[in-house]
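Remarks on the overall topology
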Amino acid sequence: MLDLNFFQDKTILVTGHTGFKGSWLCKILVDAGAHVTGYSLEPPTNPNLFTLSGIEQKMHSIIGDVRDRRHLMQVFDEVQPEIVIHLAAQPIVRESYKNPVETYEINVMGTVNILEAVRLHPSVRSVLNVTTDKVYYNREWEWGYREEDPLDGYDPYSNSKSCSELVTHSYKLSFFKDCDQAVSTARAGNVIGGGDFAADRIIPDCVRAARAKQPMIVRNPYSTRPYQHVLEPLMLYLTIVQKQYEDSKFAGYYNVGPDDSDCLTTGHLVDLFCEAWGDGMIWENRFDGGPHEANFLKLDCSRVKRVFGWRPTWDVKKAIEKTVEWSRVWMSCGNIEACMEAQIQQFLAELRK
């Protein structure tokens, strides 16, 4: 299993570090003693976790665009990273319908640029490209998708991430097959947790409604998704990165999601949030049809369980409770950094049981 001591004094480049997942990831790595450089656009929201967490003062933060290959190459030249974790993306389905060209530029050519930089920098030993559970050709069936199932996302976001997977596969076969650079992809399910302020995401919308003391408006309570706390996939990303650094045989394609019991409808998820928040919070069904999004999506995560001995640590109910805990600290102007550290330490303690 994961040993965070492995990351002490490692030189690590994280793209998308100013985002929700990136901020949590950098916090874990910095606290583990890693030398972390982040490459990303400015934080995508205001407020944002990157600023609130105070992590910016403890790492090398570079504002840049993964579409800018020349700048990216300069950063690789200067940093000479050993490990690259690629999180940078345009991650919102509805936004991808509004701006499909930008979505493809970021999610596809951004990946090409990262892998090209890796190819030209032998300092890199371990690479992880983080994609999404939406990369699969969705048949709307009840079984979890396996890593061998066909890729073909429907909407521009999902399809662009499918393309990112194919780009990674091509680079692996063409350039990384017989070398010391191990490359994997992680297809992650929906994540929740404190500090996500994104638009068009169900839990951030719940927090905004709770803060305003208004009913939560749910546009599609019937879609079914796997949900997990943000620390679940991050710890598994780090496990993959560590293991393939030590032995390239672990490089591969991995689903990263919760158990079947945490694959639930949006309406059920909001019920759990309202229960955890209290204060008489309720939600209203305002189903609007909207652009096409998958109604049912589930992952088969047996590979990561078999290869890494992994198991989920916090179920979705606990994940909601931890999100509410963080949100109440933020709303009361409490110590965000201390809250994050406490949650990370609690998660690690339960992970090791």
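First, a word on scope: everything that follows refers to the structure included in this document. (Residues numbered from 1 in each chain as written. Predicted model: local features only at pLDDT ≥ 70, side-chain atom pairs only at ≥ 80, totals over all residues. Heavy atoms only, no water.)

1. Some remarks on the nonpolar core
In plain terms, the rule: In plain words, nonpolar cores are sets of buried Ala, Val, Leu, Ile, Met, Phe, Trp, Tyr and Cys residues tied together by side-chain atoms within 4.5 Å. Summary of the burial criterion: residues with accessible area below 20% of their type's maximum are buried, those above 50% are exposed, and those between are partly exposed, where the area comes from a 1.4 Å probe applied to protein chains only. Note on definitions: a residue-residue contact is assigned when non-hydrogen atoms from the two residues lie within 4.5 Å.
The biggest cluster of nonpolar side chains holds 83 residues, and the ones touching the most others in it are Phe-7, Trp-24 and Phe-273. When near neighbours in sequence (up to four residues on either side) are disregarded, Phe-273 contacts Ile-203, Cys-206, Val-207, Ala-210, Met-281, Ile-320 and Val-324. Core analysis: the next-biggest nonpolar cluster, separate from the first, contains 24 residues, Ile-62, Val-66, Val-108 and Val-124 among them.

2. A look at the sheet that holds strand 4 (residues 83-86)
To keep it simple, the criterion reads: Strand pairing is assigned whenever DSSP identifies at least 2 bridges connecting the two strands. Helical segments are the DSSP runs of H or I of at least four residues, strand segments are the runs of E of at least two, and each set is numbered from the N terminus. Axis definition: a line fitted to C-alpha atoms, limited for helices to the stretch in contact. Angles are taken between N-to-C directions and run from 0 to 180 degrees.
Spatial strand order, 3-2-1-4-5-6-10: seven strands in an open sheet with parallel pairing. Strand pairing shows two members of the sheet lacking a second neighbour, strand 3 (60-63) and strand 10 (253-256), which therefore form its edges. Between one strand axis and the next, the sheet turns by 15° as a mean value, whatever way the strands run. Here strand 2 (residues 35-40) pairs with strand 3 via four bridges, running parallel.

3. So, the side chain of Glu-165
The cut-off we apply is this: Definition of a polar contact: a pair of N or O atoms within 3.5 Å, with one able to donate and the other able to accept a hydrogen when the atoms are protein atoms, and with sequence-neighbouring residues admitted only if both atoms are side-chain atoms.
The residue Glu-165 is located in helix 6 (residues 156-175) in this model. In this structure the side chain of Glu-165 is engaged in a polar contact, spanning 2.9 Å, whose partner is the side chain of Arg-187. With near-sequence residues (within four places) excluded, Glu-165 lies in contact with Thr-131, Val-135, Leu-151, Thr-185, Arg-187 and Tyr-253.

4. Examining the sheet that holds strand 9 (residues 224-229)
As summarised here, the arrangement of the three strands in space is 7-9-11, forming an open sheet in which the pairing is mixed. For this open sheet the edge positions go to strand 7 (190-192) and strand 11 (263-265), each flanked by a neighbour on one side alone. Direction aside, neighbouring strands of the sheet carry axes that sit 50° apart on average. Pairing analysis gives three bridges linking strand 7 to strand 9, with the strands arranged parallel. Opposite Asn-190, over in strand 9, you have Tyr-227 as the bridge partner.

5. So, the packing of aromatic side chains
What counts here: Stacked, tilted and edge-to-face pairs are distinguished by plane angle, under 30 degrees for stacked and over 60 for edge-to-face with tilted covering the rest, among Phe, Tyr and Trp rings (Trp via its six-membered ring) whose centres lie within 6.5 Å. Counted as over-ring charges are cases with an Arg CZ or a Lys NZ within 6 Å of the ring centre that also lie within 35 degrees of the ring normal.
Applying the stated criterion across every chain yields a total of 14 aromatic pairs. The interplanar angle of 10° and the centroid separation of 5.5 Å between the aromatic rings of Tyr-136 and Tyr-145 together place this pair among those described as stacked. You can call Tyr-136 buried: its relative accessible area is 2%. Classification of Tyr-145 as buried rests on a relative accessible area of 1%. Feature note: the residues Tyr-136, Trp-141, Trp-143 and Tyr-145 constitute an aromatic cluster, connected by ring pairs. We note Lys-172 situated over the ring of Tyr-253; from NZ or CZ to the ring centre the distance is 4.6 Å. If you follow Arg-328 out to its NZ or CZ, it ends over the ring of Trp-277, 4.1 Å from the centre.

6. A look at the pattern of salt bridges
Our working rule: Salt bridges are identified by distance alone: a Lys or Arg side-chain nitrogen within 4 Å of an Asp or Glu carboxyl oxygen.
Applying the stated criterion across every chain, the model contains 21 salt bridges. Close ionic contact of Arg-119 with Glu-116 constitutes a salt bridge, the shortest N to O distance being 2.6 Å. Of this pair, Arg-119 and Glu-116 are both found in helix 5 (residues 100-119), three residues apart, which corresponds to roughly one turn of the helix. The class of Arg-119 is partly exposed, set by a relative accessible area of 33%. Two residues, Lys-322 and Glu-325, come together in a salt bridge whose shortest N-O distance is 3.6 Å. You can see Lys-322 and its partner Glu-325 sitting in helix 11 (residues 316-331), three residues apart, about one turn around the helix. According to the relative accessible area criterion, Glu-325 is partly exposed, its value standing at 34%. Several salt bridges share partner residues, and in doing so they unite Lys-27, Asp-31, Lys-58, Glu-337 and Glu-341 into one network.

7. Description of the state of the cysteines
Each disulfide is one covalent bond, formed between the sulfur atoms of two cysteines. Where we set the bar: Criterion for a disulfide: a pair of cysteine sulfur atoms at a distance within 2.5 Å.
This structure, assessed with the given rule, holds zero disulfides. The thiol of Cys-263 is not disulfide-bonded; the next cysteine sulfur, from Cys-301, is found 10 Å away.

8. Observations regarding the packing of helix 5 against helix 6
Inclusion rule: Geometric relationships in this document are graded by angle, where less than 35 degrees denotes roughly parallel, more than 145 denotes roughly antiparallel, 65 to 115 denotes roughly perpendicular, and other angles denote oblique. By definition, turning the near helix anticlockwise from the far helix through less than a right angle yields a left-handed crossing, and turning it clockwise yields a right-handed one. Residues are sorted three ways: Asp, Glu, Lys and Arg are charged, Ala, Val, Leu, Ile, Met, Phe, Trp, Tyr, Cys and Pro are nonpolar, and all the rest, Gly among them, are polar.
Look at helix 5 against helix 6: their axes get within 9 Å of each other, and the N-to-C directions meet at 20°. Of the possible angle classes, the one that applies to helix 5 and helix 6 is roughly parallel. Between helix 5 and helix 6 lies a crossing whose hand is right-handed. On the side of helix 5, the interface is formed by Pro-100, Thr-103, Tyr-104, Asn-107, Val-108, Thr-111, Val-112, Leu-115, Glu-116 and Arg-119, while helix 6 contributes Pro-156, Tyr-157, Asn-159, Ser-160, Lys-161, Cys-163, Ser-164, Val-167, Thr-168, Tyr-171 and Phe-175. Split by residue class, the contact of helix 5 with helix 6 holds eleven nonpolar, seven polar and three charged.

9. A short note on unusual backbone geometry
Here the residue pair Asn-46 and Pro-47 is connected by a cis peptide bond, since its omega of 5° sits within 30 degrees of zero. By secondary structure assignment, the location of Pro-47 is in the loop between strand 2 and helix 2 (49-52). Despite not being glycine, Gln-80 shows a phi value in the positive range, around 50°. With respect to the element layout, Gln-80 can be found in the loop between helix 3 (69-79) and strand 4. Of note, the phi angle at Lys-213 is positive, near 55°, even though the residue is not glycine. Among the structural elements, Lys-213 can be located in the loop between helix 7 (202-211) and strand 8 (216-218). According to the relative accessible area criterion, Lys-213 is exposed, its value standing at 72%.

10. Overview of the environment of Ala-210
Looking at where Ala-210 falls in the secondary structure, it is placed in helix 7. On the basis of relative accessible area, Ala-210 is assigned to the buried category, the value being 8%. Along the backbone, Ala-210 and Ile-55 are 155 residues apart, and their C-alpha atoms lie at a distance of 27 Å. Apart from the residues within four sequence positions on either side, Ala-210 is in contact with Phe-273, Trp-277 and Met-281.

Purely spatial values, then, with no claim about function.
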